[in-house]
Amino acid sequence: MQMKGRPIDVHYALPKDEDHDDNKNTGTLFVTLKNVPTDPSNMEIQHFFEAWGPIREVRDCRNSSNQKFVEFFDLRDSEKAFAETNGSDFLGGTLDIRFAFVHRSSIIRSKSFWTI
């Protein structure tokens, strides 16, 4: 193959199966629903955030019904959702959003980030 008279050598690489990690964070947001009159279901949260991209999973926070983890398949979608929704109105309350780093084992709070 040539481009503008110069040869181009193109190689494609697919990830190896052993490099794939289903537990790796691909874009998880830690969402706190402030002053919301009723706790929305995970399906309502998913439907809202799907406007920014496909959602892998919405999970409840262990100790709070007004906090959720929203995991996107694509980190870029979570970044867009964060930028456009943090501090916005939601069901009569306000969304407070942080990025979460997921290891799916235990929750450790660290400043404005959460590690699961």
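Each remark here, short or long, concerns the structure printed above.
A few points on the structure.

The rules behind the values
Residues numbered from 1 in each chain as written. Predicted model: local features only at pLDDT ≥ 70, side-chain atom pairs only at ≥ 80, totals over all residues. Heavy atoms only, no water. Helix = DSSP H or I, 4+ residues; strand = E, 2+ residues; numbered from the N terminus. Buried < 20%, exposed > 50% of the residue type's maximum accessible area, 1.4 Å probe, protein only. Salt bridge = Lys/Arg side-chain N within 4 Å of Asp/Glu carboxyl O. Phe/Tyr/Trp six-rings, centres within 6.5 Å; stacked < 30°, edge-to-face > 60°.

Once that is clear, we can look at unusual backbone geometry. One non-glycine residue with positive phi stands out, namely N35, at about 60 degrees. Considering the arrangement of structural elements, one finds N35 in the loop between β3 (28-34) and α1 (42-49). N35 sits in the exposed class, given a relative accessible area of 69%. Backbone geometry at L91 places phi at a positive 50 degrees, although glycine is not the residue there. Structurally, L91 can be placed in the loop between β6 (89-90) and β7 (93-101).

With that out of the way, let us pick up the pattern of salt bridges. When the charged atoms of two side chains with opposite charge come close together, those side chains can pair. Following the criterion strictly, the structure yields eight salt bridges and no others. Two residues, D60 and K68, come together in a salt bridge whose shortest N-O distance is 2.5 Å. A salt bridge links R98 to D96, with the shortest nitrogen-to-oxygen separation between them at 3.3 Å. Residue R98 is classed as partly exposed on the basis of its relative accessible area of 31%. Connected via shared salt-bridge partners are R56, E57, R59 and E71.

A word on the packing of aromatic side chains. The geometry of an aromatic ring pair is captured by two quantities: the separation of the ring centres and the angle between the planes. All told, the structure shown has seven aromatic pairs when counted by the stated rule. Between F30 and F69, the ring centres sit 5.1 Å apart and the planes meet at 50 degrees, which makes this aromatic pair tilted. Here the residue F30 occupies a position in strand β3, and F69 occupies one in strand β5 (residues 64-72), the gap between them amounting to 39 residues. Neither residue differs from the other here; F30 and F69 are each classed as buried. Put simply, the rings of F48, F49, W52, F72 and F90 touch in pairs and so form one group of aromatic residues.

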